[in-house]
Every structure is written in C-alpha cells, then in structure tokens.
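What follows is each chain in one-letter form.
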Amino acid sequence: DSAVFPEELLAAFKAETGITVKQVKAGDTGSMVNKLILTKDAPIGDMFYGIDSTFLQLAIDNGIYDPAGNYTDENGPEAIDYADVCINYDKTWFSSNETAPPTNIGDLTKPAYKGLTVLTNPRTSSPGLSFLAATVAVFGESGWKQYWTALKANDVKIAAGWEDAYFTEFSGSSGKGQYPIVLSYSSSPAFEIRDNGESQTVSLLDACYRQWEYAGALANGKNAEGATKFIQFMLSAEFQNALPESNYVYPVREGEGIALPATWAEFAPAAGKTVGTTLDVASNRELWFAKWSEIFDVN
C-alpha cells in the first residue's frame, strides 16, 4: 500500500514503451503475498513490487512469480531497493514530557515507556516480521518470547500495517497520534524535517533489520513482456534516484549517477550494523508466527 510511483516516471515509461502502468494496491506485504497466492491462477496484475526478503521465499515456494522473466539476477525476482527497519521516536514529545527517550529496543519494556510504543503485526506487515526477526537475533530463541511478553505487559499497541502505525498512531508524523515510539525505518526522520531545519524524529540504529524489496513478473500474467520492461525500468538511474523521496528506501544501485538526497546523510543514514542476517526466516516464519500469536491472541 505504501509504494508510490511518481507520475512523471510513469509518463516517461509510457513515452519510451507505449505501456500504461496501473498500480493495484493489495495491502501490506504479508497480505499482498497471501492475495497473490490465492489468485495465482488468475493474477490481479502482471508483476509485483514490494515483496521483501522476509516473505520472498514464501512467494517463490507458492509459485506466484514467473521464473522465465528476463531478470538480471539469474535466481529470479529482482532486488530494487533496501531499507533498514528500526525503532523511531518523537523528539518533541520526549522533550515536552521531560522524559529520556529509549536508547535500545530493550528499553521498550521498561515502566518509563509503558503505553508509548506502536508496532506492527508480523503476519501482515513486512516491517513487523523484520522486527520479530530482529528480536530473535538480539534475544535468542530462548529469550525473544519473554521480550514480547514483556512488551505486551507494557501496553504496546499492535497495528495491522506500517501506514496505520506511522501515519495514524505515531505522534511524530502527520497523523499526530498518541504513541511517541513507532516501528519504522532508518530513513523516516528525513521526512519529518520541520521549518527549523531539524527532524522531529530520530531513528534508533540499534537492532535494525535490513529488508531487500523485490519486483518480479507474476506467473500467468497477461503481459509478461511489459512486466519485464517495467522491472528493467525500475533499475534505471531515473527510477532509482526517485526511490528515496517517493518510497522512503535506499536504491539498490550505487554509483553510476545514483545519489541520495542531501538531507539523508544527516537525518537518514543506513544502519552501520544490522541484525538477523544469518537467520533462516523462511524455515522459522510459521513457528514464530504461532508463538507470537499465542502471546497477543491475534491472527
């Protein structure tokens, strides 16, 4: 749902190829993957964009993408961008309430932060699954469930998806919600710069999980050739340069005329160190979901 394709880019693609692109929104990543699995015999589009590294194997195992596509990556779906999933907080709220902000994810279970945090459901949200994986990496198989149990006892709110959490519940965004701590991205503070030139928010570069987002042609799609052309267009310098400001993500290409916005160096640096890179998310996803759901009694 959060993917944005600038109209001028779509117009440029049409001028180049004669193809008109229509975006079909299908929920957060987990919801989208489930919908694509259910409709794979008669897909709702010709290609997908936004399935990330935590859900990609599920998509591959269920045969929703066309392996015959003309991909640069011979192993299939094309990496388009990446993003670091991190906790963000609202500086203004903490300053106004004379409260020290958290410095790591362990702090979120402390009484000082009771009822202040909104996260997302890992079953439906790719940032949610990324954060779940991060907690497994940080606290281990023997400790992550205790961590989430402590989060629940500390009145953490679970939103269905990132848009709801960030734009409705978070106090530091346009939604001006009630929660000054949110699960988002290391790039998010670059989009909260106020008139004084400072960002209202800060990303904790502690326990960040790196997501890679992919695009691929859908199996049984009606226009495989057009899908391949648009995927190739997404790897062009023109498209890659638009990704940071349109989609809050870092372009997968580097150099060759690819540049981040000037404010990103100060307000949106990628995490220097990420967690969970060696986890087998695909093999453990359903087990993690089951244990997480027992704690929160949600599906």
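Scope of this entry: the structure provided in the associated data block. (Residues numbered from 1 in each chain as written. Predicted model: local features only at pLDDT ≥ 70, side-chain atom pairs only at ≥ 80, totals over all residues. Heavy atoms only, no water.)

Now for the overall build of the chain. Along the backbone of the chain there are 11 helices and 8 strands. Taking the principal axes of the C-alpha coordinates as reference, the chain spans close to 55 × 45 × 30 Å. A buried classification covers 51% of the 299 residues belonging to the chain. Intrachain contacts of the chain at a sequence separation of at least 6 include 73% that bridge at least 24 residues. Counting only carbon and sulfur atoms, one obtains 48% of the accessible surface of the chain, whose full area is about 13,400 Å². Charged side chains of the chain number 21 positive and 38 negative; the gap between the two group centres comes to 5 Å. (Helix = DSSP H or I, 4+ residues; strand = E, 2+ residues; numbered from the N terminus. Buried < 20%, exposed > 50% of the residue type's maximum accessible area, 1.4 Å probe, protein only. Contact = heavy atoms within 4.5 Å. Areas by Shrake-Rupley, 256 points an atom, 1.4 Å probe, with all protein chains shown as cover. Lys, Arg positive; Asp, Glu negative; His and termini not counted. Charge placed at Lys NZ, Arg CZ, Asp CG, Glu CD.)

What follows is about the pattern of salt bridges. Where charged atoms from two side chains of opposite charge come close, those side chains can pair. Scanning the model with the defined rule gives 5 salt bridges in all. The partner of K110 in a salt bridge is D107, and the shortest N-O contact between them spans 2.9 Å. Taking relative accessible area as the criterion, D107 reaches 7% and is therefore assigned buried. (Salt bridge = Lys/Arg side-chain N within 4 Å of Asp/Glu carboxyl O.)

This brings us to the side chain of R285. Its place among the elements puts R285 in helix α11 (residues 281–296). For the buried R285, no salt bridge is present, and the opposite-charge side chain at shortest range is E286, 4.7 Å distant. From its side chain, R285 meets the backbone oxygen of T54 in a polar contact 2.9 Å long. Apart from residues lying up to four places away in sequence, R285 is in contact with T54, F55, L58 and L129. (Polar contact = N/O pair within 3.5 Å; in protein donor to acceptor, adjacent residues only side chain to side chain.)

What follows covers the nonpolar core. Residues I51, I87 and W148 are the most contacted members of the largest nonpolar core, which totals 77 residues. When near neighbours in sequence (up to four residues on either side) are disregarded, I51 contacts T29, M32, V33, L36, L56, A59, I64, W212, E213 and Y214. (Core = buried A, V, L, I, M, F, W, Y, C linked by side-chain atoms within 4.5 Å.)

At a minimum axis distance of 6 Å, the contact between helix α8 (residues 224–234) and helix α9 (residues 237–247) shows a crossing angle of 65°. Contacts from F230, F233 and M234 in α8 reach E238, F239 and Q240 in α9. Its residues assigned to classes, the contact of α8 with α9 shows 4 nonpolar, 1 polar and 1 charged. (Axes fitted to C-alpha atoms, helices over the stretch in contact; angles between N-to-C directions. Nonpolar A, V, L, I, M, F, W, Y, C, P; charged D, E, K, R; others polar.)

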